[in-house]
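Spelled out, the chains give:
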Amino acid sequence: MAFRNVVLALCAVFPFLIPGNVTAVDDKQKAAAVKDEDGKYFDAEGNPTFKFQSDGTVDWYTFSGYRRYHADCHVCHGPDGMGSSYAPALATTVKNMDYPTFISIVAEGRKNVGGGKENVMPAFGDNKNVYCYLDDIYVYLRARSVGAAPRGRPPKKADKPEAAKAYEASCMGE
Ligand code: HEC
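For every chain, the first residue of its written sequence is number 1, and the numbers climb from 1 along that sequence. Confidence filtering applies because this is a predicted model: local features only for residues at pLDDT of at least 70, side-chain atom pairs given and counted only at 80 or more, and all residues used for totals across whole chains, interfaces and linings. The side-chain numbers reported here are obtained from all heavy atoms of the structure, hydrogens and water having been left aside.

Undergrad: In this structure, what is going on with the sheet that holds strand 2 (residues 40-42)? I would like to understand it.
TA: Adjacent strands of a sheet pair through backbone hydrogen bonds, lying either parallel or antiparallel. The pairing criterion for strands is at least two bridges between them, as found by DSSP. Secondary structure is summarised from DSSP: a helix means a run of H or I of at least four residues, a strand means a run of E of at least two, and numbering begins at the N terminus for each. Taken together, the three strands give an open sheet; going across it, the order is 1-2-3, and neighbouring strands pair in antiparallel fashion. Lying at the two open borders of the sheet, with one neighbouring strand each, are strand 1 (35-37) and strand 3 (48-49). Pairing of strand 2 with strand 3 involves two bridges; the strand directions are antiparallel. Pairing of Tyr-41 across the sheet is with Thr-49, part of strand 3.

Undergrad: Sorry, what's going on with the state of the cysteines here?
TA: In plain terms, two cysteine sulfur atoms within 2.5 Å form what is called a disulfide here. Counted according to the given criterion, the structure contains one disulfide. Covalently, Cys-132 is tied to Cys-171 through a disulfide, its sulfur atoms 2.0 Å apart. In this structure, the disulfide formed by Cys-132 and Cys-171 twists by about -85° around the S-S bond and is classed as left-handed. On the criterion of sequence distance, the pair formed by Cys-132 in the loop between helix 7 (128-131) and helix 8 (134-145) and Cys-171 in helix 9 (residues 162-173) is long-range, its members being 39 residues apart.

Undergrad: Quick question: what am I supposed to make of the site of the ligand here?
TA: Throughout, near means a residue has at least one heavy atom within 4 Å of the molecule or strand. Lining the immediate surroundings of the ligand are 23 residues, of which Cys-73, Cys-76, His-77, Thr-93 and Met-121 lie closest. Pairs of N or O atoms are called polar contacts if they sit within 3.5 Å, as long as, within protein, a hydrogen donor faces a hydrogen acceptor (for residues adjacent in sequence, only side-chain-to-side-chain pairs). Arg-110 places a polar side-chain atom, nitrogen or oxygen, 2.8 Å from an oxygen atom of the ligand. Listed by contribution, the elements that provide at least two residues to the shell around the ligand are helix 4 (74-77), helix 5 (90-96), helix 6 (99-108), strand 4 (110-114) and strand 5 (117-121). All amino acids are sorted into three groups, where Ala, Val, Leu, Ile, Met, Phe, Trp, Tyr, Cys and Pro are nonpolar, Asp, Glu, Lys and Arg are charged, and the leftover types, Gly among them, are polar. Taken together, the residues of the shell around the ligand sort by class into 17 nonpolar, four polar and two charged.

Undergrad: I'm lost on helix 3 (residues 60-72) in this one. Help?
TA: Every α-helical turn comprises 3.6 residues, leaving residues that sit three or four positions apart pointing alike. The span expected for a helix works out to 1.5 Å for each residue beyond the first. For helix 3, which comprises 13 residues, the first-to-last C-alpha distance of 18 Å matches the rise-based estimate of 18 Å (1.5 Å per residue) to within 8%. Only protein chains enter the accessibility calculation, which uses a 1.4 Å probe. A residue is then buried if its area is under 20% of the maximum for its type, exposed if over 50%, and partly exposed in between. The set of residues buried in helix 3 consists of Trp-60, Tyr-61, Thr-62, Phe-63, Ser-64, Gly-65, Tyr-66, Arg-68 and Tyr-69. Whether two residues touch is decided by their heavy atoms; if any such pair falls within 4.5 Å, the residues are in contact. Looking at the packing, one finds that the buried side of helix 3 touches strand 2, helix 4, helix 5, helix 7, helix 8 and helix 9.

Undergrad: Please explain the coordination of the iron atom of the ligand as it appears in this structure.
TA: Each pair of donors in an ideal four-coordinate tetrahedral metal site encloses 109.5 degrees, whereas pairs in an ideal six-coordinate octahedral site enclose 90 or 180 degrees. For the iron atom of the ligand, every protein donor is listed as His-77 (NE2) and Met-121 (SD), and the spread of their distances is 2.0 to 2.1 Å. Angles of 87 to 179° at the metal separate the six donor atoms of the iron atom of the ligand, which places the site in the octahedral class. One end of the pair, His-77, is in helix 4; the other, Met-121, is in strand 5, and 44 residues separate them in sequence. Donors, by definition, are the N, O and S atoms found within 2.8 Å of a metal, the threshold being 3.2 Å for Na, K and Ca, and water is not counted, so a site can look incomplete. Tetrahedral means four donors with every angle between 85 and 135 degrees, whereas square planar (four donors) and octahedral (six donors) require angles over 155 degrees between opposite donors and between 65 and 115 for all others; sites fitting neither are termed irregular.

Undergrad: Looking at this structure, how should I read the packing of helix 6 against helix 8?
TA: Working note: a packed helix pair is described by the angle between its axes plus the distance between those axes. The N-to-C vectors of helix 6 and helix 8 enclose an angle of 125°; their axes lie 11 Å apart at closest approach. Our classification of the angle between helix 6 and helix 8 gives oblique. As helix 6 runs across helix 8, the sense of the crossing is right-handed. Contacts between helix 6 and helix 8 involve Tyr-99, Phe-102, Ile-103 and Val-106 from the former and Leu-134, Asp-135, Ile-137, Tyr-138 and Leu-141 from the latter. Residue classes in the contact of helix 6 with helix 8 are distributed as eight nonpolar, no polar and one charged. The convention used is that axes are lines fitted to C-alpha atoms, helices contributing only their stretch in contact, and that angles between N-to-C directions extend from 0 to 180 degrees. Any angle from 65 to 115 degrees is called roughly perpendicular, while one under 35 is roughly parallel, one over 145 is roughly antiparallel, and all others are oblique. It is the rotation of the near helix from the far one that decides the hand of a crossing: anticlockwise by less than a right angle makes it left-handed, clockwise makes it right-handed.

Undergrad: Quick question: what am I supposed to make of the packing of helix 3 against helix 8 here?
TA: Where helix 3 meets helix 8, the closest approach of the two axes is 7 Å, and the angle between their N-to-C directions is 100°. Compared by their axis directions, helix 3 and helix 8 come out roughly perpendicular. Along the contact surface, helix 3 presents Tyr-61, Thr-62, Ser-64, Gly-65, Tyr-66, Arg-68, Tyr-69 and His-70, while helix 8 presents Asp-136, Ile-137, Val-139, Tyr-140, Leu-141 and Ala-143. For the contact of helix 3 with helix 8, the class distribution of residues is eight nonpolar, four polar and two charged.

Encoded structure:
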């Protein structure tokens, strides 16, 4: 086999060998759902993640996260997690930020004062419309971050699981 063919064969078997492809491949593998708890999916580390069917149907949490993101985050972070001149692209953020850090920033907020301009991430810890759906938003952004979810409203979604109804009722009713 010529050297070039050996390299091509290696890259086909081990795509992470291709420079620049490293994070994308790693993120997709990391985000892969390995556990299903009544329509809520988890990766190998036990963090919430998305799962899409081959016909494009998205899991309930991705759909719900899409709606919650566009109700409460979009105004600053831009449509589809793409970012704006005011706040960072969260579809990029969740590639490098672990789940607990994401949750704590949204709950507690963050203030970055520097270079003469002040950027404020509000705290959502006492906003039930956000904190009762934090996993949904995270799952949606994760799907966006690895390119699994296209821009815009997911056309087909799974039915709302009983567990989601129960969690929502207890969280909103606290
Ligand atoms: C009023 C505008 C505003 C809204 C609404 C808002 N954010 Fe932010 N957010 C910001 C700004 C500005 C920053 C950057 C703050 C900084 O630089 O420390 C930020 C930062 C973040 C970060 C850290 C990003 C990073 O790359 O370090 C996360 C995570 C985040 N926001 C999540 C959310 C979520 C989820 C929502 C919706 C529930 C939301 N934000 C709604 C303005 C907003």
